[in-house]
Each structure stands twice: as C-alpha cells, then as structure tokens.
Amino acid sequence: MPLVTSKQLLERAAQDHFAVGAFNANNMEQVQAIVEAANEERAPVILQVSQGAIRYAGLDFAAGMVKIAASLASIPVVLHLDHGTDYEQNVRCLHAGFTSLMFDGSKLSFEQNVAITKKISEIAHIVNIPVEAELGRVVQSGDKLTKEQVEALMTDPDEAAEFLRQTGCDSLAVAVGSVHAMLSRDAELEIDRIQRIYEKVRIPLVLHGSSGVRHESIVEAIEHGIAKINVATYLNEAFIEGIKEGFAKHPDSVDPRHSLGVARERVKERVREKIRLFKSAGRISASGGFVDAPKQFRSAHLGGTEE
Ligand SMILES: [Zn+2]
C-alpha cells in the first residue's frame, strides 16, 4: 500500500501500549529486510533514513526504495527522516515524499530549538505530515561524560511541556538513559522520568539509542509512553556479520549476492525479534488496517484516506 504518515500509528501505539519500530536503512537489502519482516509479522513499521544515508544513497534513491518496498507490502509503512539537522533538509524531504519528519535541535539552545521546530511543524502540517522533535540530548557512545553530565542532558518534564506548547510538534524524542551506537546491552532507562514527561505532554515519545538498552527496561518504557523506538546499530551489526558469514562460505565467489543475501536474512531476523519485543506484531490485518478496530490511514499529501 502507499506510504502512510506516522501520526495515527504513533498515537495508536501510545494508546494501546506498544511501540512502532523505526529501523534505519542505507541500501536495498536493508530496506527489503525491514519491510519484509514487518509484513510477515503483521506490524506497522517506520523506515527511517538518516542524513548519512541520504548522502550515501541520494535523497531520491533513498525515498524511492522505501516507496517501492511499501507498495509491495500490505502493512502501513512510514518513510521518516531521522535526525534532520536543519530546516532546509526537512523541506527537501517533504518535497521528496517523506511521510514523517524530524528536526534534531538538541544541540541548540532551547529557544533556537523551539524556533526551528516550530517553523518545520508549520510547513509540514500544511500537508498533514507530522514532525518529531528532540529535547534533551541522547548522548553518543564515546562521548566522554560523567554520570552527572549525562543526567544534566536528560529531558526535563516541565521543559518538555513548554516545548510542545511553543512548537506544536507531534512526537518527542527524549533523553532518558539510552546511548547512541552502543554495542553492549546494559543501559537502564529512567522509567520514572518517561512517565513524568508523558503525563505532561501526552504525545507519543520516541526512544533513540535503543540498541544498548536492557530488554526489560524497553518493555517497561513502552508501558509508560514510548511509542516509537529507533533501531540502527543492532541491524548494522547483523548486516556486517551476514556479509562476513556469506563471504566465509563462498571465499572465492565474485558474486556480491552471496554475501549480501546472507546479510539481508540476518537483518530480517533481528527486525522480527525487535518487532516482537515492541509488541507491534500481529496488529495489522490482511487488509492493512488495525486488527481490532480497522482504521483508515490518512494518505500523505492528499489529505484523503485509504485502507
Ligand atoms: Zn537517534
């Protein structure tokens, strides 16, 4: 089916206590693995493209691959910009047919973050495209920070409420204890903070840097307002392991499909695993609506509806 926006999906997820997986892709094999796994699991899915992926594949190519994959599937698929760094990039993605945007102003001052997020929300909302913003800073693995410094970068519930009031954003990425690009899996989320933020804003919350978080902590976070979970590193790892595995099996082959095919399978397995962990499996019926109460999805840009 055609791409859908993330608005209804995330609101539904927050209400029903599951999270929509938002998986990063850079190439055809990753796009196929993500959409095929979600389709087989009957889960709604967000395919997200980072600035790096756009530089690597090209904007039209990145968007085009996801649109084709969505058209072959019978689940709602969203094309999302991950960590858009400026206003112009968001406009370019809007024009290229993205059905969900993000502006990451977490490195800016509160005022600057508000100003640009607001501007993007205004333009995107004209064509019914929702915007994710980020408040507080999800740190990078490798950032040399003390525990106190990390704590100080976390999202403040009152500030989040004020931010929402001023920007009108649709979902909010929060810094609640996860770390970007972490390879071990022992980070613990501050569930209490998630709960306090959600009570104040009542819009779907987004978890970045999930690859390093303990599973129990993720399940608890979903109960308390996290409705979109980004997964990148965990899939990239699987992709590279798959390439090595395929290469080891066919060391003399010059056919790239021997390695890339295995990589695609390994990514697919991990997407499936995450979808089940996020409790989004089995939510979508054969006709593409939600299982229990079929809903119409708003078609991007047209303002119309389609099943
Ligand atoms: Zn992120």
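Preceding this paragraph is the structure being described.
Because the structure is predicted, anything quoted here is derived from the model rather than measured.

Brief notes about the environment of Pro 130
Then, in step 1: Mapped onto the fold, Pro 130 is located in the loop between α6 (110-126) and β5 (131-135).
Then, in step 2: With 41 residues separating them in the primary sequence, Pro 130 and Ser 171 have C-alpha atoms 7.9 Å apart.
Then, in step 3: Among residues more than four places away in sequence, those in contact with Pro 130 are Thr 5, Ser 6, Lys 7, Thr 99, Ser 100, Leu 101, His 125 and Asp 170.

Comments concerning the sheet that holds β5
Then, in step 1: What the eight strands build is an open sheet, ordered β3-β2-β1-β8-β7-β6-β5-β4; its pairing is parallel. The two strands at the open ends of the sheet, each matched to only one other strand, are β3 (77-82) and β4 (101-103). With strand direction ignored, the average angle separating the axes of adjacent strands in the sheet is 30 degrees.
Then, in step 2: When strand β6 (residues 171-174) meets strand β7 (residues 205-207), the two strands line up parallel, connected through three bridges. Considered in β7, the bridge of Val 174 is made with Leu 207.
Then, in step 3: Docked against the sheet, helix α1 (residues 6-16) engages β1 (20-24), β2 (45-50), β3, β6 and β8 (226-231), running at close to 115 degrees with respect to β8.

A short note on α1
Then, in step 1: Where α1 is concerned, the buried positions are Ser 6, Leu 9, Leu 10, Arg 12, Ala 13 and Ala 14.
Then, in step 2: Directly after α1, the chain includes His 17, whose backbone phi takes a positive value near 55 degrees.

Structural notes on the side chain of Lys 228
Then, in step 1: Along the chain, Lys 228 falls in strand β8.
Then, in step 2: By relative accessible area, Lys 228 is classed as buried at 1%.
Then, in step 3: Polar contacts involving the side chain of Lys 228 include one to the side chain of Gln 48, which spans 3.2 Å.
Then, in step 4: Excluding anything up to four places from it in sequence, Lys 228 contacts Leu 10, Ala 19, Val 20, Ala 22, Ile 46, Gln 48, His 80, Glu 132, Leu 205, Val 206 and Leu 207.

Procedures and definitions
- Residues numbered from 1 in each chain as written.
- Predicted model: local features only at pLDDT ≥ 70, side-chain atom pairs only at ≥ 80, totals over all residues.
- Heavy atoms only, no water.
- Helix = DSSP H or I, 4+ residues; strand = E, 2+ residues; numbered from the N terminus.
- Contact = heavy atoms within 4.5 Å.
- Pairing = 2+ DSSP bridges.
- Axes fitted to C-alpha atoms, helices over the stretch in contact; angles between N-to-C directions.
- Buried < 20%, exposed > 50% of the residue type's maximum accessible area, 1.4 Å probe, protein only.
- Polar contact = N/O pair within 3.5 Å; in protein donor to acceptor, adjacent residues only side chain to side chain.

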